[in-house]
Amino acid sequence: MTGASGPVSPDRRRFLTAGAAVLGAAASAQLWLPATARATETPLPDGVFSLGVTSGDPLPDGIVLWTRLAPDPLNGGGMPDTTVSVEWEIAEDERFRKPVRRGVAQARPELGHSVHVDVRRLRPGRTYWYRFRAGGQLSPTGRTRTAPHPHSSGGRLRMALASCQNWQHGYFTPYADMLAQDPDFVLFVGDYIYESRPSATALRRHEGTDEPYTLVQYRNRYAQYRTDPDLAAMHANAPWVVTFDDHEVDNDFAGEIPQDPDKQPHDAFVARLTAAYQAFYEHMPVRASAIPNGPHIQMYRRLEFGRLARLSVLDTRQYRSDQATSQEGAQDPSLTMLGAEQREWLIDGLRHSPARWNMIGSQIMMAETDLKVGEGKIWYYDAWDGYQAERNALMGELKHVRNPVVFTGDRHLTMISDLKEDYADPDSAVVGAEFVGTSISSNGDQDQDAFHREWDPRVPDNPHWKLLDAHRGYHLFDIRRDGIDAQVRIVDTVRQPTATPSTLARLRVEAGQPGVEVV
Ligand SMILES: [Fe+2]
């Protein structure tokens, strides 16, 4: 599909008509108009593409292309208060000699001049390059990849699992290694930003003067994070599948209940949620189905990677009951993590899945963490452990699901576990595997000896744990029909802008054999 022989969308037809006067119909390699030929082009401040480009939510025939015009990214964006036309182009090659599709999108002030182009009619399992142009300025070139053909069942899918990037705790150095590993897509399971106020003692300081509460404040916070060069490069080089956890809004919030209800009245928190979700949408390569409706955003969704893998991305924040405060409370059967509708959607999608692997992106840990050494248990009430009845019921369901694997963040540790039907019974069935993918930078460089002194004594109480570690990094998965090969990729530091990466451990999940083993 190249040049004039490609399918012509209305946008593209308009573009070709406009371009014909200057370039003629003999479609040269560079079809874009020079700035001088655009009478109606809005003059814009320099540097509108300071936040780079990214793409996301790959389909076999589609991808979301993203940018946001922000010449003054840390101060509200710096754009004039008008809608601006942004040209986009996607091609089969890096030099755009084989363009496949192009069009014009509108960057509107009410959405922070963000642009989300939902390109369709692409080919499955293919790499594409894309770019944007506005006000005579050209964006950096992005690279992306569509999902495999719906009927394909072979091959290899390479996924990187990331979470928890606290700007103040360190540079996002794991992304430099992730880029070198060239994943087909990145699964990000929460804490993309942290809402904490700037700290004078931080390695690098948050912008602003306080926690973000307003839309402009959240925009500035996202914009600051995107200026990390390793994060920006990873965004530009692979599609992302993103969901949020608590810090995109407020630590440990539950539905419309903030962390400290005494300090944030309900109305104020609803306004905060509304601002936070909108800023999240504005900065993420997600479909229009995720445009927030006030203090609500549709985030749980499914993505298919041929017949190899189905990925269910959860929302464990918006529909949950408030956290328990005791062991007894955590066992209250009326508590919900997912809400009835999402729970039904998840179980239905797992039961009827045609996929070899049923992957679940969960913000918070599903396997048990018993913090109490010896007799009795103590759980984290914000994690699935705090919602015992629903978690245990889900474990029962997983017994009937083909090859379930859960991918998690939140913990700022690598914790790789078997999922068990009943954590009270060590002999109960293993029903799946879970990878808790450490953090990109949150908690910074940890003292490994201190970590092991604190956590190793808990291992006998948690026999389902297969690997525990406190280095910063991410997990990398090669998913094939017969098994998943996982690597825990770590960096030696996040205290400097560059780091030395290495593989801490390799693990394997065998198809047809629930659980995970260190190789
Ligand atoms: Fe986190």
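Just so we're clear, the structure is a prediction, and the values are computed from it rather than from any experiment.

A. Molecular detail of the overall build of the chain. Secondary structure summary: the chain contains nine helices and 22 strands in total. Whereas a compact globule of 519 residues would reach a radius of gyration of roughly 24 Å, the chain reaches 23 Å, a difference of no more than 12%. Here the chain holds 519 residues, and 58% of them are scored as buried. A fraction of 69% describes how many contacts in the chain between residues 6 or more apart in sequence connect residues 24 or more apart.

B. Inspection of the sheet that holds strand β16 (residues 414–420) at higher detail. One open sheet accounts for seven strands, arranged β12-β13-β14-β15-β17-β16-β18; its pairing is mixed. The outermost strands of the open sheet, each flanked by one partner alone, are β12 (301–305) and β18 (465–469). Geometrically, the sheet is characterised by an average inter-axis angle of 20 degrees between neighbouring strands, direction not taken into account. Bridge count for β16 against β18 is four bridges, and the pairing is antiparallel. Along β18, the bridge assignment pairs Met415 with Leu468. In this fold helix α9 (residues 448–455) packs onto β16 and β18, with an angle of close to 145 degrees to the strand it touches most, β18.

C. Seen up close, the pattern of salt bridges. Per the counting criterion, the structure on display carries 36 salt bridges. The salt bridge partner of Glu397 is Arg351, with a shortest N-O separation of 2.9 Å. Highlighted residues: Glu397 in helix α8 (residues 388–398) and Arg351 in helix α7 (residues 340–351), separated in sequence by 46 residues.

D. Molecular detail of the sheet that holds strand β21 (residues 501–510). In space, the 10 strands of this open sheet follow the order β5-β2-β1-β11-β10-β9-β19-β20-β21-β22, with mixed pairing throughout. At either margin of the open sheet sits one strand with a lone partner, and together these are β5 (114–119) and β22 (517–518). Two strands pair when backbone bridges link them, and strand β9 (residues 157–162) and strand β10 (residues 185–188) are joined in this way by four bridges, in the parallel orientation. Counted as the bridge partner of Ala162 is Phe188 from β10. The strands touched by helix α4 (residues 229–237) within the sheet are β1 (53–56), β10 and β11 (239–242), with β1 carrying the most contacts at an inclination of about 50 degrees.

E. Layout of the coordination of the iron ion. Around the iron ion, the donor atoms from the protein are Cys164 (SG), Asp191 (OD), Tyr194 (OH) and His412 (NE2), and they sit 2.0 to 2.5 Å away. Taken in chain order, the donor set of the iron ion reads C-x26-D-x2-Y-x217-H. One end of the pair, Cys164, is in the loop between β9 and α2 (174–181); the other, Asp191, is in the loop between β10 and α3 (215–226), with 27 residues separating them in the sequence. Grouping residues by exposure puts Cys164 and Asp191 together as buried.

F. Spotlight on the UniProt feature "domain: Phospholipase D N-terminal" (unreviewed entry) in the chain. As recorded in UniProt, the sites labelled "domain: Phospholipase D N-terminal" (unreviewed entry) are residues 51–146. The span residues 51–146 carries 0% helix and 49% strand; its end-to-end C-alpha distance comes to 23 Å.

G. Main features of the nonpolar core. Formed by 39 residues in total, the largest nonpolar core has its most connected members in Tyr175, Met178, Tyr192, Trp240, Val249 and Phe280. Element by element, the count of residues in this core is highest for helix α5 (residues 266–283), at eight residues. If we ignore the near neighbours within four places in the chain, the residues touching Met178 are Ala160, Ala162, Pro183, Val186, Met234 and Tyr474. One finds Ala324, Trp384, Val406 and Val431 within the second-largest nonpolar core, a separate group that totals 37 residues.

H. Seen up close, the side chain of Gln342. By the element assignment, Gln342 lies in helix α7. Only 3.0 Å separates the side chain of Gln342 from the backbone oxygen of Leu338, close enough to count as a polar contact. Discounting residues that sit within four places of it in the chain, Gln342 has contacts with Tyr300, Leu314, Asp315 and Tyr319.

I. Structural detail: the packing of α7 against α8. For the pair α7 and α8, interaxial distance at closest approach is 11 Å and the crossing angle is 15 degrees. Classified by the angle their axes make, α7 and α8 are roughly parallel. Relative to α8, α7 is oriented so that their crossing is right-handed. Contact with α7, carried on its side by Arg343, Leu346, Ile347, Leu350 and Arg351, involves Glu390, Leu394, Glu397 and Leu398 of α8 and no other residues of that element. Classifying every residue of the contact of α7 with α8 by side-chain character gives five nonpolar, no polar and four charged.

J. Local environment of the packing of aromatic side chains. Following the criterion strictly, the structure yields 20 aromatic pairs and no others. Where Phe172 meets Tyr225, the ring centres are 5.8 Å apart and the plane angle is 45 degrees; that geometry is what we call tilted. Separated by 53 residues along the polypeptide, Phe172 in the loop between β9 and α2 and Tyr225 in helix α3 bring together distant segments of the chain. Neither residue differs from the other here; Phe172 and Tyr225 are each classed as buried. Between Trp455 and Trp465 the ring centres are 5.9 Å apart and the planes differ by 40 degrees, which places this aromatic pair in the tilted class. Of the two residues, Trp455 is situated in helix α9 and Trp465 in strand β18; the sequence distance between them amounts to 10 residues. Comparing Trp455 with Trp465, the two get one shared label, buried.

K. Up close: the packing of α3 against α5. For the pair α3 and α5, interaxial distance at closest approach is 8 Å and the crossing angle is 35 degrees. Relative to α5, α3 is oriented so that their crossing is right-handed. For the pair formed by α3 and α5, the contact residues are Leu215, Tyr218, Arg219, Tyr222, Ala223 and Arg226 on the first element and Arg272, Ala275, Ala276, Gln278, Ala279, Phe280, Glu282 and His283 on the second. Grouping the amino acids of the contact of α3 with α5 by side-chain chemistry returns eight nonpolar, two polar and four charged.

L. Inspection of the domain arrangement of the chain at higher detail. Segmenting the chain into domains produces domain 1 (3–145) and domain 2 (157–518). Contacts between domain 1 and domain 2 engage 31 residues on the former and 26 residues on the latter. Overall, the association of domain 1 and domain 2 removes approximately 2500 Å² of surface from exposure, summing both partners, and the carbon and sulfur fraction of that is 52%. If you sort the residues of domain 1 by the area they bury against domain 2, Asp57, Leu74 and Arg143 come out on top, with a joint share of 26%. The interface formed by domain 1 and domain 2 includes four salt bridges.

M. Main features of unusual backbone geometry. Look at Phe96: it is not a glycine, yet its phi comes out positive at around 60 degrees. Within the secondary structure, Phe96 is located in the loop between β3 (84–91) and β4 (99–107). Despite not being glycine, Asn443 has its phi angle at roughly 80 degrees, a positive value. As for its position among the elements, Asn443 is in the loop between β17 (430–437) and α9.

What counts, and at which threshold
- Residues numbered from 1 in each chain as written.
- Predicted model: local features only at pLDDT ≥ 70, side-chain atom pairs only at ≥ 80, totals over all residues.
- Heavy atoms only, no water.
- Helix = DSSP H or I, 4+ residues; strand = E, 2+ residues; numbered from the N terminus.
- Rg over C-alpha atoms; globule rule 2.2 N^0.38 Å.
- Buried < 20%, exposed > 50% of the residue type's maximum accessible area, 1.4 Å probe, protein only.
- Contact = heavy atoms within 4.5 Å.
- Pairing = 2+ DSSP bridges.
- Axes fitted to C-alpha atoms, helices over the stretch in contact; angles between N-to-C directions.
- Salt bridge = Lys/Arg side-chain N within 4 Å of Asp/Glu carboxyl O.
- Donors = N, O, S within 2.8 Å, 3.2 Å for Na, K, Ca; no water.
- UniProt positions renumbered as here; feature names shortened; annotations may be inferred.
- Core = buried A, V, L, I, M, F, W, Y, C linked by side-chain atoms within 4.5 Å.
- Polar contact = N/O pair within 3.5 Å; in protein donor to acceptor, adjacent residues only side chain to side chain.
- Parallel < 35°, antiparallel > 145°, perpendicular 65-115°, else oblique.
- Left-handed = near helix turned anticlockwise from the far one by under 90°.
- Nonpolar A, V, L, I, M, F, W, Y, C, P; charged D, E, K, R; others polar.
- Phe/Tyr/Trp six-rings, centres within 6.5 Å; stacked < 30°, edge-to-face > 60°.
- Domains from an automatic or database assignment.
- Buried area = accessible area lost by both parts, 1.4 Å probe.

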